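Single-letter residue listing:
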Amino acid sequence: MTRIFIPNESTALALGADDVAAAIVAEAAQRGLDIEIVRNGSRGMFWLEPLLEVESEDGRVGYSNVAPSDVGSILDAAFASGAPLSNCVGLVEEIPYLKQQQRLTFERIGITDPLSIDDYLLHGGLVGLRNALATEGAVACEQLIESGLRGRGGAAFPAGIKWRTVLQAQADQKYIVCNADEGDSGTFSDRLSMECDPFGLIEGMIIAGVVVGATQGFVYVRSEYPHAIDMLNAAIERARSAGWLGESVLGSGRAFDLYVVKGAGAYVCGEETALLESLEGKRGVIRAKPPLPALKGLYGKPTVINNVITLASVPIIFARGAQFYRDFGMGRSRGTLPFQLAGNIKHGGLVELAFGVTLRQLMVDFGGGTASGRPARAVQVGGPLGTYLPESQWDLPLDYEAYAAVGAVVGHGGIVVHDDTANLADLARYAMEFCVIESCGKCTPCRIGSTRGVEVIDKMRAPASTGEVRERQVILLRELCDTMVNGSLCAMGGMTPYPVISALNYFPEDFGVALEAAHDPATA
Amino acid sequence: LTPHAIAPAAELVARHASAEARATPGSSLLTVLHAIQDDAGYIPDGVVAPLAKAMNLSRAEVHGVITFYHHFRTTPPPQVTVQVCRAESCRSMGSEALVAHIEQRTGCHVDAHRHAPADGATAAPHGSGAVGVESVYCLGLCAVSPAMMINGKLVARVTPAKFDAALDSALSAASQDGQPRAAKEFA
């Protein structure tokens, strides 16, 4: 029997993977072929999807951009030495885009059936959890600190220190919360993790639970990810049946159970305290900090709240050791980050690499340039609250500190490329408008400032505005952004100015102002 | 409100806010509202008071949660809901031009269900009533932008022609299914 792989993952599905799967069944039956269809995860090479893979003696051979009508000729080529096909990409593992990556957190994606426990165990699953169960909580926290893992959601806070705080807190109940409210445009690594390797996240959360002494975990997934929710629920059900979850995790006598809660379309719920409010069933309004969620989190109890990728990176750290993980990366940014190439990019997808790679390497060596074929003009790194970077900044190493030094953020590793038809004033206005739509309303700089920001940008750009009026608006916009940065309670209002000010600084011509007029007197 | 109009709303609350329905850890007003919307297609105004009573909350708290989240709708859904992504990645691949095409093709304004028409005319939220167009901010398909969801089905690398085909097939599927159950019971 030959196995044929066709992904069951949102991007592949959005490009017709289900229809391809149906065609495989029909065409194979017609030919009397002995095959097994595996609905694997995606490899994360999205420009090739739907990517069909046929098992062979040498490895898995891929066929890209498969339409249902292509399936017959693919089966002929694979099984009956039919004519070689132009969409055959050869051995999938040998494709440079994949081969040159350093996949740790995503070591299994695309290879395994995401819902197969056997596959998971065959590919290193549960080794980390077994080690963690045999380790004292305090020691495990030290190991996590030693690994250098920092929160992958964007804030980059050391995960081990957060866990240690929760471990040391005295309480009758503690919780693990996974932030899967991945709302940043240009990011999809959380979704891929949940859809293509849900057991990895589940294992990471169980480890968090046994290390800090929490018995309940919640994954808060945005409602825009229905497929991820389905996959996660199915995987949790299987994990429960297999005895990973419940009263006695793997027979250890320690309890941990896990539940999925669906968000309801609010970007600000990606902010951890707003997420906790939402999880409690309230409006997603942020809480002032302190107290930290590690001490007073969900229902007022000590809570580990980490992003999906952070938690999904935990099993490999406990399986292979802290030193193994921290050997990747640079400076204080240790390990790998799954970068996400998005927007106007030829080869969009997931590229997991150690910190230190440059934007240009990602965009050119992996991304292959823009999808439109036009020159790239601006790249937004780190989601809608991230800075727009012009070409002069594309050779910086992607590292939390190096980016912070130029007023940019690595964030969740999303990279959105815009070509030379992009108007950065449009995008700056949109950044403010998005803040108007998504502000939780708790603090004034964010709630009112964003509305004023849209107005100021509109005034600046109105055709009737004189140069003098425009220059006045530039000053106003800078002051407004300064107030938002310094006066907002959370990153929503506090970072909306990042794309706005970077657009103004690097691309003043799009705002109809001269370079000198746009120049920030503070940095002159 | 006539008793007739109250009955189904109370029934929804009884079904989804009961102690059994809320026994799962993580259950809250949010999960109950999801269950009601999944069942009825929207959250009828009539549920606010009985839901507040059942969950020991004020009506203001229930109303506040319903209106805070973009996902919840308080009017019956159209036969076909188009959710088009307008975030940065999709913008870089022409989502705004796509939105213009969608509005022209469907005859309805994007997000009309949230905004009163500027001229003060009676709202015609979904054009012909069959289709509604909503903005969403990221579907996580950013490597294959622009993206949309049409009646829950994801479509990537959307072009005007691809949109037209997807709309036609969603409309014909919807007309075969008939009106959504919710629209019949609660409209």
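Criteria and thresholds
- Residues numbered from 1 in each chain as written.
- Chains lettered and ligands numbered in written order.
- Predicted model: local features only at pLDDT ≥ 70, side-chain atom pairs only at ≥ 80, totals over all residues.
- Heavy atoms only, no water.
- Contact = heavy atoms within 4.5 Å.
- Buried area = accessible area lost by both parts, 1.4 Å probe.
- Salt bridge = Lys/Arg side-chain N within 4 Å of Asp/Glu carboxyl O.
- Polar contact = N/O pair within 3.5 Å; in protein donor to acceptor, adjacent residues only side chain to side chain.
- Helix = DSSP H or I, 4+ residues; strand = E, 2+ residues; numbered from the N terminus.
- Nonpolar A, V, L, I, M, F, W, Y, C, P; charged D, E, K, R; others polar.
- Phe/Tyr/Trp six-rings, centres within 6.5 Å; stacked < 30°, edge-to-face > 60°.
- Buried < 20%, exposed > 50% of the residue type's maximum accessible area, 1.4 Å probe, protein only.
- Lys NZ or Arg CZ within 6 Å of the ring centre and 35° of its normal.
- Pairing = 2+ DSSP bridges.
- Axes fitted to C-alpha atoms, helices over the stretch in contact; angles between N-to-C directions.
- Parallel < 35°, antiparallel > 145°, perpendicular 65-115°, else oblique.
- Left-handed = near helix turned anticlockwise from the far one by under 90°.
- pLDDT = per-residue confidence, 0-100.

The next thing to look at is the interface of chain A and chain B. Counting from both sides, the interface comprises 57 residues of chain A and, opposite them, 37 residues of chain B. When chain A packs against chain B, close to 3,600 Å² is buried across both sides, 61% of that on carbon and sulfur atoms. It is A264, R283 and Y430 of chain A that lose the most area in chain A upon contact with chain B, and together they represent 17% of the buried surface on that side. Linking chain A with chain B are zero salt bridges. Here chain A and chain B share 21 residue pairs in polar contact (both at pLDDT 80 or more) between them. Among the secondary structure elements, those contributing two or more residues to the side of chain A that touches chain B are α1 (10-14), β7 (216-221), β8 (257-262), α12 (272-279), β12 (336-343), β16 (414-419) and α17 (424-438) of chain A. In terms of residue count, the dominant contributor to the side of chain A that touches chain B is α17 of chain A (five residues). Residues belonging to the side of chain A that touches chain B are distributed by class as follows: 29 nonpolar, 19 polar and nine charged.

Summed over all chains, the structure comprises 17 aromatic pairs over all chains. Plain terms: the ring middles of F218 of chain A and Y259 of chain A are 5.9 Å apart, the flat faces sit at 35° to each other, and that makes the pair tilted. Residue F218 of chain A is found in strand β7, and its partner Y259 of chain A is found in strand β8; the two are separated by 41 residues along the sequence. Each of the two residues, F218 of chain A as well as Y259 of chain A, counts as buried. The rings of Y175, F218, Y259 and Y299 of chain A are connected pair by pair, giving a single aromatic cluster. Positioned above the aromatic ring of F5 of chain A is the side chain of R60 of chain A, whose terminal nitrogen or guanidinium carbon lies 3.5 Å from the ring centre. Lying across the ring of Y430 of chain A, R91 of chain B places its NZ or CZ 3.8 Å from the centre.

Residues and elements named next belong to chain A. Burial along strand β4 (residues 60-63) is two-sided: the residues R60 and G62 and V61 and Y63 are all buried. As defined by bridge partners, strand β3 (residues 52-55) adjoins β4 across four bridges and the pair is classed as antiparallel. Looking at the pairing, L52 lines up with Y63 of β4. Between the antiparallel neighbours β3 and β4 lie four residues, among them G59 with a positive phi of about 145°. Pairing analysis gives three bridges linking β4 to strand β5 (residues 88-91), with the strands arranged antiparallel. Looking at the pairing, G62 lines up with G90 of β5.

Residues and elements named next belong to chain A. Where α17 meets helix α21 (residues 497-506), the closest approach of the two axes is 8 Å, and the angle between their N-to-C directions is 160°. By the criterion of interaxial angle, the relationship of α17 to α21 is roughly antiparallel. Judged by the twist between their axes, the crossing of α17 over α21 is left-handed. Seen from α17, the contacting residues are L424, A428, A431 and M432; seen from α21, they are P499, V500 and A503.

All names here are of chain B. Taken over all residues, the pLDDT of chain B has a mean of 87, while the share at 70 or more is 83%. Looking over chain B, one finds the lowest element-wise mean pLDDT in helix α8 (residues 181-186), namely 44, and the highest in helix α4 (residues 59-68), namely 98. Within the model, pLDDT remains below 50 along residues 116-127, and this stretch shows 14 contacts once partners closer than five positions in the same chain are excluded. The low-confidence segment residues 181-187 (pLDDT under 50) makes 17 contacts with residues lying over four places distant or belonging to another chain.

What follows concerns the sheet that holds strand β14 (residues 376-381) of chain A. All names here are of chain A. As summarised here, the arrangement of the five strands in space is β13-β12-β16-β14-β15, forming an open sheet in which the pairing is mixed. On the outer flanks of this sheet lie β13 (349-354) and β15 (388-389), each paired with one strand and no other. Here β14 runs beside β16; their pairing, made up of five bridges, is antiparallel. Of the residues in β16, the one forming a bridge with A378 is H418.

All names here are of chain B. Mapping S135 onto the fold places it in strand β2 (residues 131-136). When the C-alpha positions of S135 and C85 are compared, they lie 5.9 Å apart, and in sequence the two are 50 residues distant. Here the side chain of S135 touches R86 through a polar contact of 3.1 Å, side chain to side chain. One polar contact links S135 to D111, side chain to side chain, over a distance of 2.7 Å.

Attention now goes to the pattern of salt bridges. All names here are of chain A. A complete count under the given rule lists 41 salt bridges over all chains for this structure. R360 is the salt-bridge partner of D395, the closest N and O atoms lying 2.9 Å from each other. A residue pair is termed long-range when its members are at least 10 positions apart, and D395 in the loop between β15 and α16 (400-405) and R360 in helix α15 (residues 359-366) qualify at 35 residues. A relative accessible area of 45% places D395 in the partly exposed class. Residue R377 is joined to D510 by a salt bridge in which the shortest nitrogen-to-oxygen separation is 2.8 Å. Of this pair, R377 sits in strand β14 while D510 sits in the loop between α21 and α22 (515-518); the two residues are 133 residues apart in sequence, bridging distant segments of the chain. Several salt bridges converge on common partners, so that one network encompasses R43, E53, R60 and E93.

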